[in-house]
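Topology and contacts: notes
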Amino acid sequence: MNLEAKLSAVLDRYSEITDALNKATDGDTIVKLSKEQSQLEDLVQVGKQWQRVCREIAQAQELIASADSQEMKDLAQEELLAQQAQKTELENKIKVLLLPKDSADDKNVILEVRAGTGGEEAALFAAELFRMYERYANFKGWTFEIISLCDTGIGGYKEAVAHICGRSVYATLKFESGVHRVQRVPVTETNGRVHTSAATVAVLPEADEIDMPIDIEKEIKMDTYHSSGAGGQHVNKTNSAVRLTHIPTGIVVECQEERSQFKNKDKALARLRAQLYERQRNAIESQQSAQRKSLVGSGDRSERIRTYNFPQGRVTDHRINLTLYQINDVMEGPGLEAFTKALITEDELSKLAELENA
């Protein structure tokens, strides 16, 4: 099926969905159709632009053929060249939009940041990374809700977990999973030597009961305990903190950020579902031996993906060989956009190359 035929099929489907939505009365049907319509909107918009440009190209070609003067032909030829360039640009966008989508791309995420090698300096860096993602979420208009924090007492985090909600959160952040390395002089260093430390980041797509069903009564062991850290006197008087153990896998998650035990349980359960869902996705992918290995890496948390060099003011992403001397902008959040966009583009290009070579 060529590009025009594929696009025609998408536009027809979009019209069918619109008609069905106008007639639908069932809530579940409306939600399902609305989601599919939303997924097609960008492609439909670009597709209609492409159809318009194709019509304009045909008109320009007719004008060139029928023009009475050379001046008129030259003007029409100049316009034709601009339209053909626009057509090529739109076709490239359409090809990207037609690429198979990751089923998790539209999901919200559970973000986990942990201190790695480097002791207290690694914990301080983990805290800075966590705040970087919080600022980036604010920049993108997403909501950022802390699930749990395990601090070191002097500003560092051994582990920090958050729930991020918004449009295309997983699609944007999924390439952040891996080892982030920092090179700088730690505040605890008295001789001014540059140290190398690391933190690991995991971006897990949020899973609901349909994605990852759990028999809570049979598969979950719940323990409660007194919260520690922030929260005042209240947290020391009630067992509001929750620890969930998934018996079949041994995975343990905790949450103590809320005063309510029920809220902590819900947050911990969301984190557990995300971890189980990611484990399931990884198992399926590992079974597909012919699966493409993306140029942006596997997303494995053991893979070193980025280095933040403070003395030189640079951030380097090793997967795509991109270095920017804008470390302050990156750590403040908005500067991270340059890396997320570059990683998404690299992934799209590698998928397009694979399709063309197939």
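Please read all numbers here as calculations on a predicted model, not as lab measurements.

This part is about the overall build of the protein. Scanning the protein for helices and strands turns up 9 helices and 11 strands. Per-residue burial over the protein gives 42% buried out of 358 residues. Restricting to contacts in the protein with at least 6 residues of sequence separation, those with at least 24 account for 62%. Total accessible area on the protein stands at roughly 19,500 Å², and carbon and sulfur atoms take up 48% of it.

Moving on: helix α4 (residues 119–140). With 22 residues, α4 extends 32 Å between its outermost C-alpha atoms, agreeing within 8% with the 32 Å of an ideal straight helix rising 1.5 Å per residue. G141 occupies a position one or two residues after α4 and carries a positive phi of about 80°.

It is worth spelling out the packing of helix α1 (residues 3–23) against helix α2 (residues 27–66) at this point. A pair of packed helices is captured by two measures, namely the crossing angle of their axes and the spacing between those axes. Put simply, α1 and α2 touch, their axes get as near as 9 Å, and they point 140° apart. Classed by the angle they form, the pair α1 and α2 counts as oblique. In the packing of α1 onto α2, the handedness of the crossing is left-handed. Residues of the contact of α1 with α2, tallied by class, amount to 13 nonpolar, 5 polar and 5 charged.

Once that is clear, we can look at the nonpolar core. Nonpolar side chains in soluble globular proteins generally cluster together in the buried interior. L111, L129, F130, Y133, I164 and Y308 are the most contacted members of the largest nonpolar core, which has 55 residues in total. The dominant element in this core, judged by the number of residues it contributes, is α4, at 9 residues. When neighbours within four sequence positions are excluded, Y133 is seen to be in contact with L111, V113, F144, E176, H180, V201 and L336. Core analysis: the next-biggest nonpolar cluster, separate from the first, contains 21 residues, L33, I57, L90 and I94 among them.

So, on to the sheet that holds strand β7 (residues 241–246). Sheet architecture is open: 3 strands sit in the order β6-β7-β8, paired in antiparallel fashion. Each edge of the open sheet is held by one strand with a lone partner, namely β6 (220–225) and β8 (252–255). Going from strand to strand, the sheet's axes swing by 20° on average, the running direction of each strand aside. In terms of strand pairing, β6 meets β7 through 6 bridges, oriented antiparallel. Considered in β7, the bridge of I220 is made with H246.

Calculation rules
Residues numbered from 1 in each chain as written. Predicted model: local features only at pLDDT ≥ 70, side-chain atom pairs only at ≥ 80, totals over all residues. Heavy atoms only, no water. Helix = DSSP H or I, 4+ residues; strand = E, 2+ residues; numbered from the N terminus. Buried < 20%, exposed > 50% of the residue type's maximum accessible area, 1.4 Å probe, protein only. Contact = heavy atoms within 4.5 Å. Areas by Shrake-Rupley, 256 points an atom, 1.4 Å probe, with all protein chains shown as cover. Expected span 1.5 Å × (residues − 1). Axes fitted to C-alpha atoms, helices over the stretch in contact; angles between N-to-C directions. Parallel < 35°, antiparallel > 145°, perpendicular 65-115°, else oblique. Left-handed = near helix turned anticlockwise from the far one by under 90°. Nonpolar A, V, L, I, M, F, W, Y, C, P; charged D, E, K, R; others polar. Core = buried A, V, L, I, M, F, W, Y, C linked by side-chain atoms within 4.5 Å. Pairing = 2+ DSSP bridges.

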